[in-house]
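Next come the chains, spelled out residue by residue.
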2 protein chains.
Amino acid sequence: MSDLRSEAEALDSRDELAAKRKEFVLDDTVYLDGNSLGALPAHVPGRLAEVMTHEWGKLRIRSWEESGWWTAPERIGDRIAPLVGAAPGRLVVGDSTSVNVFKALVAAVRMAREGHEGRAVRDEIVVDATTFPTDGYIAESAARLTGCRLIPVAPGDVPGALGERTAAVLLNHADYRTGRLHDLPGLTAAVHAAGALVVWDLCHTAGALPVGLDAHGVDLAVGCTYKYLNGGPGSPAYLYVREGLQPRFDSPLPGWNSHAEPFGMRPEFEAVDGARRGRVGTPDILSMLALEAALDVWDGVSVDDVRAKSLALTDFFLRCVGAYVPQGRVESLTPAAHAERGSQVALRCEGAGDVMRRLVERGVVGDFRAPDVLRFGFTPLYVSFADAERAARVLAETLG
Amino acid sequence: MSDLRSEAEALDSRDELAAKRKEFVLDDTVYLDGNSLGALPAHVPGRLAEVMTHEWGKLRIRSWEESGWWTAPERIGDRIAPLVGAAPGRLVVGDSTSVNVFKALVAAVRMAREGHEGRAVRDEIVVDATTFPTDGYIAESAARLTGCRLIPVAPGDVPGALGERTAAVLLNHADYRTGRLHDLPGLTAAVHAAGALVVWDLCHTAGALPVGLDAHGVDLAVGCTYKYLNGGPGSPAYLYVREGLQPRFDSPLPGWNSHAEPFGMRPEFEAVDGARRGRVGTPDILSMLALEAALDVWDGVSVDDVRAKSLALTDFFLRCVGAYVPQGRVESLTPAAHAERGSQVALRCEGAGDVMRRLVERGVVGDFRAPDVLRFGFTPLYVSFADAERAARVLAETLG
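Given the structure is predicted, the values throughout are model-derived calculations rather than measurements.

Reading guide: rules and limits
- Residues numbered from 1 in each chain as written.
- Chains lettered and ligands numbered in written order.
- Predicted model: local features only at pLDDT ≥ 70, side-chain atom pairs only at ≥ 80, totals over all residues.
- Helix = DSSP H or I, 4+ residues; strand = E, 2+ residues; numbered from the N terminus.
- Rg over C-alpha atoms; globule rule 2.2 N^0.38 Å.
- Buried ≥ 20, exposed ≤ 12 C-beta atoms within 10 Å, placed from the backbone.
- Pairing = 2+ DSSP bridges.
- Axes fitted to C-alpha atoms, helices over the stretch in contact; angles between N-to-C directions.
- Contact = placed C-beta atoms within 7 Å.
- Nonpolar A, V, L, I, M, F, W, Y, C, P; charged D, E, K, R; others polar.
- Least-squares fit on C-alpha atoms with pLDDT ≥ 70 in both.
- Core = buried A, V, L, I, M, F, W, Y, C linked by C-beta atoms within 7 Å.

A. Structural detail: the overall build of chain A. Tallying secondary structure elements over chain A gives twelve helices and 13 strands in all. Its C-alpha radius of gyration of 22 Å places chain A within 12% of the 21 Å reference for a compact globule of 400 residues. Dimensions of chain A, computed from the C-alpha atoms along their principal axes, are close to 70 × 60 × 35 Å. Here chain A holds 400 residues, and 57% of them are scored as buried.

Below, the structure is given as structure tokens:
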């Protein structure tokens, strides 16, 4: 056995999160695509069967109240809250990430403009130019509908792009392609210094590392729940609104679910207080309750421990790649510095699409991002050091 | 046995849709709330278990392609299409009804303004003043973001409210409260004559009666799938865009799923052709595939037969109410004329909230709409004439 294999074995034997793996449905595949779709927590199908046969099948309409369907969006928001450093009452679950980016950005522009009458109008939205595309498209739509100009800049250049015309800034906590972690506390402070509001997209960090939304004074945040939170394909996203902003949160999607009295059926809209103001239409109960069940795997887990294991895994994987893969065949796009690294490793590689297909055939599942990136996500709850070693070894064999 | 009970028995024995009832999970409750949440089709839990354990649990990320997850929104749209009189390629499933109303209305305003440069700007959105509230709230938001004035009018007064400033009109095919069916062909023609676009909300008609979207030249339509389509609690809604408008459909929610090349990850948005242009973010697969399975109950069913049974059921229920309930205790808000009736009966009744609670205790489930309405929905696929007779009888006993 190679030294790295023995080392992986030793690391796994000391891993306090190792026992979590058995809570997921996994096989002998090395699954490094949890940053795209988290693995299935084993108890979810049973719970959802109960939702279908008992709550929908037997109680039917009564379940909106008796089974707690109506309050699911805020209840599940409160389950996610500790994972992103938020107190209860700040998050609400529902809709897709794209739709939540829209709510957050339009509301941010509106709030940034309040009380600024007579001064220069805030008419610029700054957006991460390297963002996952949907955020950019939605930001462009939000800009168009609020009369703003969209200013795409690299995250490092954001401070220089801020000014008295900046209304809102949309940033990704981690870059979906390279895995680079951006400086959430520093950039949030810079945006605030300019008198603007910041919206953070946490898709690639929630459940992988501490976020500290409340502690860092983040204004608004959104994220999906099907990556490191394992909520299932297309499970509903969430919206975070800082407590102090909640009374001013003015949603562009004011559905009946965000009304102060939703069953009053009143023609005039009056927004409910708190996180529920981010709700829109009838919540998608099957997907939402699958997510709620999936969050059980976090019971007793510390996000700091998750982060420590995540960094250890990506460090170890990069060492294995360095040891196994012939020089010059791949180049890591993921920063070496821990402070700048999310929970994935992105390798630039010639013919990456083809290489990934061969890796998948050999039981190592990552994904390909055009034009030339191999992406490997490390979910600390179920990925082992042995997985990391095997992935690097198979990659080397594939390229060899 | 009373005459009406014998008549119910005879009607049920001649009912060609009666066999459909066994495809649903039902008990000895008279379930007249399918206009709020359709009953569970018996095969859905089995299908969703397979989606979870095999597609998510085993294939994981591969299912986006191999299990057809990625194309589910348009594939399921094509399953709904014949039920609302649309050709394939006109509908896409996803998001909530509220979110789809937003997409449809903003896009309608944009399209109505095209090519009108130099003439009076179209800056009015006319909305049904008796609408289900969420449509009104969203219409107000769409008006605010597009610089329009919102004009709420009773549906009967819509023709008189139309003019050269009208951009878009949002109407309900059936009133959620009274069950009144509005004149879709006539109102659509009136809106077109004014040079505006119409958006129809089909929540209370799709699956209950023929809609004829293509035949009547409807521009845009939205609807939920958890009422007469039995998709499950909060199952995703749909958006219809008339073929001729599709190339001009300019969504205010242009997510990566509506990009011409979604995996190209390109920073510039370029809208895909066809119905997919109405997609936004990652589709909610569990809820979506539960809906897809639920639509199997429509195999071999003619919507005309459904309509015939629906009218026969509501006629019969109203007769039973007339025969059993003491004079003056309830008043039907539902039009007697078939052409003006959806698939529910709404009875105004003193103390309606309390009356409905007692009905539910006695196994007759309808719902209460503030301040004084008892609502009874008749889903022709699983409600029998015996159910209608029993509901009227228990209502009479409750009021007696």
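B. Examining the sheet that holds strand 12 (residues 367-369) of chain B more closely. Residue and element names in this part refer to chain B. Strand order in the open sheet made by the four strands is 9-10-13-12, with antiparallel pairing throughout. Of all the strands in the sheet, the pair left with one neighbour each is strand 9 (330-332) and strand 12. Between one strand axis and the next, the sheet turns by 35° as a mean value, whatever way the strands run. Direction of pairing for strand 10 (residues 344-349) relative to strand 13 (residues 373-377): antiparallel, over a ladder of five bridges. Across the sheet, A346 pairs through a bridge with R375, a residue of strand 13.

C. Spatial organisation of the environment of L170(A). Looking at the secondary structure, you find L170(A) in strand 5 (residues 166-172). Sequence-distant contacts of L170(A), that is, excluding residues within four places in its chain, are made with V101(A), L105(A), I125(A), V127(A), D128(A), D135(A), A139(A), V199(A) and D201(A).

D. Structural context of the interface of chain B and chain A. Taken together, the 63 residues of chain B in the interface contact 62 residues of chain A. Counting residues per element, the ones that place at least two in the side of chain B that touches chain A are helix 2 (44-59), helix 5 (97-113), helix 6 (133-146), helix 9 (285-294) and strand 12 of chain B. The residue makeup of the side of chain B that touches chain A, split by class, is 37 nonpolar, 18 polar and eight charged.

E. Local environment of the relation of the copies chain B and chain A. With an RMSD of 0.0 Å, the operation that places chain B on chain A is a rotation of 180° combined with a shift of 0.0 Å along the axis. Considering both components of the superposition, the chain copies are consistent with a two-fold axis. When the interface residues of chain B are mapped onto chain A, 98% of them again lie at the interface, so the same face is used by both copies.

F. Layout of unusual backbone geometry. Residue and element names in this part refer to chain A. The peptide bond linking A370 to P371 adopts the cis configuration, its omega dihedral lying at 0°. Examined against the element boundaries, P371 turns out to sit in the loop between strand 12 (367-369) and strand 13 (373-377). Not every positive phi belongs to a glycine, and R60 is a case in point at roughly 45°. Topologically, R60 is positioned in the loop between helix 2 (44-59) and helix 3 (63-66).

G. Representation of the nonpolar core in the model. Grouped together as the largest cluster of nonpolar side chains are 258 residues, with contacts concentrated most on L105(A) and L105(B). Not counting residues within four places of it along the chain, the set of residues in contact with L105(A) comprises I125(A), A139(A), A142(A), A168(A), L170(A) and V199(A).

H. Broad picture of the pairing of strand 10 (residues 344-349) of chain A. Residue and element names in this part refer to chain A. For strand 10, the buried fraction is high: five of the six residues fall into the buried class. Two strands pair when backbone bridges link them, and strand 9 (residues 330-332) and strand 10 are joined in this way by three bridges, in the antiparallel orientation. Residue pairing across strands places S332 opposite L347, the latter belonging to strand 10.

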